[in-house]
Amino acid sequence: MSNTPHARICSLLKKGEFSIQDPVDEKALGLPEEQELLMKLSRFTDIVIDAHEKHEPYFITRYITDLGF
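Residues numbered from 1 in each chain as written. Predicted model: local features only at pLDDT ≥ 70, side-chain atom pairs only at ≥ 80, totals over all residues. Heavy atoms only, no water.

Caption draft 1: Broad picture of the pattern of salt bridges. Going through the model one piece at a time under the given rule, you end up with two salt bridges. Two residues, lysine 40 and glutamate 36, come together in a salt bridge whose shortest N-O distance is 3.6 Å. Of this pair, lysine 40 and glutamate 36 both sit in helix α2 (residues 32–42), four residues apart, roughly one helical turn. Note on lysine 40: relative accessible area 24%, which makes it partly exposed. Take glutamate 36: its relative accessible area is 47%, and that puts it in the partly exposed class. (Salt bridge = Lys/Arg side-chain N within 4 Å of Asp/Glu carboxyl O. Helix = DSSP H or I, 4+ residues; strand = E, 2+ residues; numbered from the N terminus. Buried < 20%, exposed > 50% of the residue type's maximum accessible area, 1.4 Å probe, protein only.)

Caption draft 2: Spatial organisation of the packing of aromatic side chains. Per the stated rule, a full pass over the model turns up two aromatic pairs. For the ring pair phenylalanine 44 and tyrosine 63, a centre distance of 5.7 Å and an interplane angle of 45 degrees mean the geometry is tilted. Here phenylalanine 44, found in helix α3 (residues 44–53), pairs with tyrosine 63, found in helix α4 (residues 58–67); they are 19 residues apart in sequence, far enough to count as distant. A ring pair is formed by tyrosine 58 and phenylalanine 59, whose centres lie 4.8 Å apart and whose planes are at 80 degrees; its orientation type is edge-to-face. Accessibility expressed as a relative area gives 43% for tyrosine 58, which makes it partly exposed. Its relative accessible area of 12% is what places phenylalanine 59 among the buried residues. (Phe/Tyr/Trp six-rings, centres within 6.5 Å; stacked < 30°, edge-to-face > 60°.)

Structure representation (structure tokens):
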């Protein structure tokens, strides 16, 4: 597995001078659909933790599938 995507994301975070831990600004985007997608994306960490704690890896698959709709 390549580390290139991880390195690129870290570089973007550093150059952008923000942290992945920063709160989500739901007003950063104008359209309701954009705001909804931003809120869904912000739940990723919670989904992964929940899947781990409940031993239900399909939570992640369901989450990713739901992003497409």
